[in-house]
Amino acid sequence: MLENWLVAAVRNLLRNRVNTLVSVFGLFLGFTAAILIALYVRDEYSYDQHIPDGERVYQVGELISPPGRAPRRVSRTSVTDAPALKLTFPEIELTTRLAIALDRLRRTGAAEPTDLRAYWVDPNFFEMFPMHPISGSLDGALDQPDTVVLTRKATRQFFGDQDPIGRTIDVVTFLNDLGMPLDIERTNVMRVVAVVEDLPSNGHLDVEVFLPGIASFSWLSMREAQQSRPGAFRIEDAYTYVRLHAGASIESVESRLRAFVDSHLSGNRNGNGTPIASTYTFTLTRLTDIHLAPPSIGAIKPPSDPRVIQAFAGIALLILFVACGNFVSMMTARVTRRAMEVGVRKASGATWLQIMAQFLGESLLYAALALVPAIIAVNLLLPAFNGFLQRQIAFDLIGNPDLAAGIIGLGIVTGIAAGVYPALYLSRFRPSLALKGLPPSLPGSGRLRQGLVIFQFATLITLVVATFTIYRQTQYAIEDRLRVSADTIYIGSQSVICSRTLVEMTRAIDAIRTASCAGGAALYGGDATSVMSLADNAVAVRGVPLDAALFDVLDIQPVAGRLLSTEHGADDLLRNGNDIAENPSLIVNESAVRALGFSSPSEAIGKFPRWTRLALVNGKIARQEAASSEIVGVVPDFSLGSVRDAIGPTAYYLDPTLSGALVLRFKGDAIQEGMEAVSQLWAQQSSRPFDGTFLSQRINDLYADIRAQSTILAVFSSVAVVLAALGILGLAMFAAERRTKEIGLRKVMGALRTDVLRLMGWQFARPVLIANLIAWPVAYFVMTRWLEGFAYHIELEPWTFVLAGLMALLIALASVAGHALLVARAHPVAALRHE
């Protein structure tokens, strides 16, 4: 019996080649897309699962709540927090820290530094994060101040194919413990003692060089010494991890964190008596939850949004459903051709259960014919997919039985789900009617096919709206929010010491439009919050030191008053140092104007609020006593940070000592020429290399996740387009066959070819129009929720929905146009003889 079923199935496949091709190709596309999305979703949920005892490891973070501002999550803590936590909580078995190395690394004897991600780590780092050494040993590897551990990638970059053990690299330090440039660079020679495998991509750590934090010149040691000074300004630049004892209660530790903060943090934050501890809350995030935790400042890797991952999983299911819908449409469309076969089998004694099993078997055969090439396609596409996502997603069916079982289960479930409806009704035919040649009728089959087409196009329209929206939001974040081209703005690294002399020299270069100095708060949104008070109104304001020319670099004009200038003495009070008691003049943004209670920007001009600022006094950062400043200008809200974060009240003032980064704006047609001229000028001033990054690259890094989402969504929307086109093509083929005689009669009665085309066009345009009524509210709800994740975002325009609907309509009409034209051109005599 099985042999007969197999022969019948193969004959049916060969007899209906076009239908078979449409059905199998649709399932093939659906399987390929679904498997790729499933691998991506599986990878997202597997972060840090490879770390032994990872369920007991937690990252210490902070929740900072300045008065009058929204709380902000921070992934880093102070270097002094780890030992204090270990001393306070007996539940903690182990603590370890990492701090990014801003030093330059090069092979000893080489002239050029390498571009590698290096971190200073505590000696016990490999105890909490075990790794398998390729060569050397990790036992006590970082107990000495002159040792270093490399990953495989770093080893290749430093030494090529040579054995690295015992060889040396230079760590060139050019910053002191305050992050300020050193007058004389220090070069420290480090020995390679071990090499480990590259860290897996599904982990939140992103390290290629491990440096010993116990070295006196390490960032950890220097920062620990600086933070231990009396009255030192708290700085968060270390990643702190704790591992609990087996069986210890995390809830018990979290319940006592408030008391720990109150006793551990001392001093006032804002110069008005507010205890610093009142604005801090420590958080503990389980290692395996870091990747899906809410976004936080300073994260080693940007986290993923669980809602986006779930949305992609939903897209995979929708694509599979659309592919199955195509299959069901094609199977039910061929009912009349299989009626005689079913009648003969039933007359020969076959039961309905045997008939149903036969057609379910055929459906599984179709699924197998689609699944095998889909697996091959996934293997071929995965390297490019990994390269785009910068992942190491594996697709090893032999080495991963669970994955193999899942893929086989996908084929079986899809085959049964797609074939159960046709099999159920084909097995219910009355053999007497079938043998008389009367066409069988499947109750509701026409409505089912129409419903499937409506669902397919509703899915397509929703995906197209989502693709348009994500693309527009990406363009808005990258281009529209900035008032100047990010491709022409270059930000020097911290090793490039900015001075007014250097700025004036660079401005003399023809290819440079303007130049300025700026601090990290102006460029990266650092937190230097103070309380600004005016009359009875006190608000939290971020103080940003900068150079007067930065507004010119960013092409920002005041909405009221004037910009800061070195020609005004009150603006430039800090030119010779910032340890004076007075405060310089201020420019505030529009958010600060509203927070201070002014009804318009012009009303704020000439007012004298009191506030505190940071100052570099006797080699340490401290907060000055509160003093008054005149507001001389108001500028629009702007930021070089992410549009995900709201721009709070901000005050800008001139302070050369805290504005150390060189910022250049090139003329658009002379960027390469300008870079060469600046590099030559810098080489005459310093032995350090001139390096940095263009603002466009930094912005691209900020939005790498939504750019990837946009591209992935566009690709899978294209898959949905093809599947929807196949679905409506199959429906057109069926409808044309069932209405052949009707069309012949219409032509005999005088209908023109255009009349026939209009008839068939409306038949297939109607489900697409209905699909719009379903897709538009769904797409509006989903994309509104997605845009809520951004403080600044585009509006959902009606034209986006209309355009998506028109695209779907054009795709539907184009899919059936060729077949409809053949039917319309057929001779009516042939049509009347069809039956």
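Report follows, based on the coordinates. (Residues numbered from 1 in each chain as written. Predicted model: local features only at pLDDT ≥ 70, side-chain atom pairs only at ≥ 80, totals over all residues. Heavy atoms only, no water.)

1. Describing the overall build of the protein
At step 1: A count of helical and extended segments in the protein gives 26 helices and 26 strands.
At step 2: By residue count, 52% of the 835 residues in the protein fall in the buried class.
At step 3: If you take every contact in the protein between residues at least 6 apart in sequence, the share linking residues at least 24 apart comes to 79%.
At step 4: Summing over all exposed atoms, the protein offers an accessible surface of approximately 36,500 Å²; the carbon and sulfur share of this is 58%. (Helix = DSSP H or I, 4+ residues; strand = E, 2+ residues; numbered from the N terminus. Buried < 20%, exposed > 50% of the residue type's maximum accessible area, 1.4 Å probe, protein only. Contact = heavy atoms within 4.5 Å. Areas by Shrake-Rupley, 256 points an atom, 1.4 Å probe, with all protein chains shown as cover.)

2. So, the packing of helix 15 (residues 500-507) against helix 20 (residues 671-685)
At step 1: It is the contact of helix 15 with helix 20, at a shortest axis distance of 10 Å, that shows an interaxial angle of 145 degrees. Both helix 15 and helix 20 take part in a crossing whose hand is right-handed. Residues Leu 502, Met 505 and Thr 506 of helix 15 lie in contact with helix 20, whose contacting residues are Leu 681, Trp 682 and Gln 685.
At step 2: Grouping the amino acids of the contact of helix 15 with helix 20 by side-chain chemistry returns four nonpolar, two polar and no charged. (Axes fitted to C-alpha atoms, helices over the stretch in contact; angles between N-to-C directions. Left-handed = near helix turned anticlockwise from the far one by under 90°. Nonpolar A, V, L, I, M, F, W, Y, C, P; charged D, E, K, R; others polar.)

3. Thoughts on unusual backbone geometry
At step 1: Located in the positive-phi region is Gln 390, a residue other than glycine, with phi close to 55 degrees.
At step 2: As for its position among the elements, Gln 390 is in the loop between helix 11 (352-389) and helix 12 (401-426).
At step 3: Notably, Asp 555 is not glycine yet its phi reads approximately 60 degrees, a positive angle.
At step 4: In this structure, Asp 555 sits in the loop between helix 17 (550-553) and strand 17 (560-561).
At step 5: For Asp 555, a relative accessible area of 33% puts it in the partly exposed group.

4. Thoughts on helix 15
At step 1: Those residues of helix 15 lying buried are Leu 502, Val 503 and Thr 506. The buried side chains of helix 15 occupy one side of the element, clustering within an arc of 100 degrees when seen end-on.
At step 2: For helix 15, the secondary structure elements touched by its buried residues are strand 14 (512-518), strand 25 (661-666) and helix 20. (Arc of directions from axis to C-beta.)

5. Some thoughts on the packing of aromatic side chains
At step 1: Tallying each qualifying case throughout the model produces 20 aromatic pairs.
At step 2: Taken together, a centroid distance of 6.5 Å and an interplanar angle of 40 degrees make the contact between Tyr 780 and Phe 801 tilted. Remark: Phe 801 occurs in helix 25 (residues 798-825) and Tyr 780 occurs in helix 24 (residues 753-787); sequence separation between them is 21 residues.
At step 3: In this structure Phe 801 comes out as buried when scored by relative accessible area, which is 8%.
At step 4: Put simply, the rings of Phe 125, Phe 126, Phe 129, Phe 210 and Tyr 241 pair up and form one aromatic cluster. (Phe/Tyr/Trp six-rings, centres within 6.5 Å; stacked < 30°, edge-to-face > 60°.)

6. As for helix 6 (residues 219-227)
At step 1: For helix 6, the buried fraction is high: seven of the nine residues fall into the buried class.
At step 2: All buried positions along helix 6 are accounted for by Trp 219, Leu 220, Ser 221, Met 222, Arg 223, Gln 226 and Gln 227.

7. Some remarks on the nonpolar core
At step 1: Counting residues in each nonpolar core, the largest one holds 113 residues, and the members touching the most others are Phe 395, Phe 457, Leu 546 and Phe 716.
At step 2: Among the elements that take part in this core, helix 14 (residues 445-480) stands out by supplying 14 residues, more than any other.
At step 3: Once you skip the residues sitting within four places of it in the chain, Phe 395 turns out to touch Ile 35, Leu 39, Ile 375, Val 378, Asn 379, Leu 382, Leu 403 and Ile 407.
At step 4: In this structure, Ala 101, Ala 118, Met 190 and Phe 217 belong to the second largest nonpolar core, which totals 27 residues. (Core = buried A, V, L, I, M, F, W, Y, C linked by side-chain atoms within 4.5 Å.)

8. A word on a negative patch on the surface
At step 1: On the surface, a cluster of negative charge is contributed by Asp 510, Asp 669, Glu 673 and Glu 676.
At step 2: Within the element layout of this structure, Asp 510 appears in the loop between helix 15 and strand 14. (Patch = residues over 30% accessible without salt bridge, like charges linked within 9 Å, V, L, I, M, F, W, Y side chains within 5 Å. Salt bridge = Lys/Arg side-chain N within 4 Å of Asp/Glu carboxyl O. Lys, Arg positive; Asp, Glu negative; His and termini not counted. Charge placed at Lys NZ, Arg CZ, Asp CG, Glu CD.)

9. What about the side chain of Arg 665?
At step 1: Inspection of the secondary structure assignment puts Arg 665 in strand 25.
At step 2: The buried charged residue Arg 665 lacks any salt bridge partner; its closest oppositely charged side chain belongs to Asp 555, at an N-O distance of 4.6 Å.

10. Thoughts on a nonpolar patch on the surface
At step 1: A cluster of nonpolar residues, Ile 770, Leu 773, Ile 774, Val 778, Phe 781 and Val 782, forms a patch on the protein surface that exposes about 560 Å² of accessible area.
At step 2: By secondary structure assignment, the location of Leu 773 is in helix 24.

11. Structural notes on the environment of Gly 674
At step 1: Locating Gly 674 in the fold gives a position in helix 20.
At step 2: Remark: the alpha-carbon pair of Gly 674 and Ile 509, spanning 165 residues in sequence, is separated by 7.3 Å.
At step 3: In this view, Gly 674 contacts Ala 511 and Phe 666; residues no more than four positions away in its chain are not counted.

12. Concerning the pattern of salt bridges
At step 1: Tallying each qualifying case throughout the model produces 21 salt bridges.
At step 2: Two residues, Asp 122 and Arg 97, come together in a salt bridge whose shortest N-O distance is 2.9 Å. With Asp 122 in the loop between strand 5 (118-121) and helix 4 (125-128) and Arg 97 in strand 3 (residues 92-100), this residue pair connects regions lying 25 residues apart in the sequence.
At step 3: You can call Asp 122 buried: its relative accessible area is 11%.
At step 4: According to the relative accessible area criterion, Arg 97 is buried, its value standing at 8%.
At step 5: Of the charged contacts in the structure, one is a salt bridge between Arg 152 and Glu 197, with a shortest N-O distance of 2.6 Å. Highlighted residues: Arg 152 in helix 5 (residues 152-159) and Glu 197 in the loop between strand 9 (181-196) and strand 10 (209-212), separated in sequence by 45 residues.
At step 6: Exposure remark for Arg 152: the relative accessible area of 33% places this residue in the partly exposed category.
At step 7: For Glu 197, a relative accessible area of 38% puts it in the partly exposed group.
At step 8: Via salt bridges that share partners, Asp 53, Arg 56, Glu 93 and Arg 243 belong to a single interconnected network.

So far we have only geometry, and geometry alone does not tell us how the molecule works.
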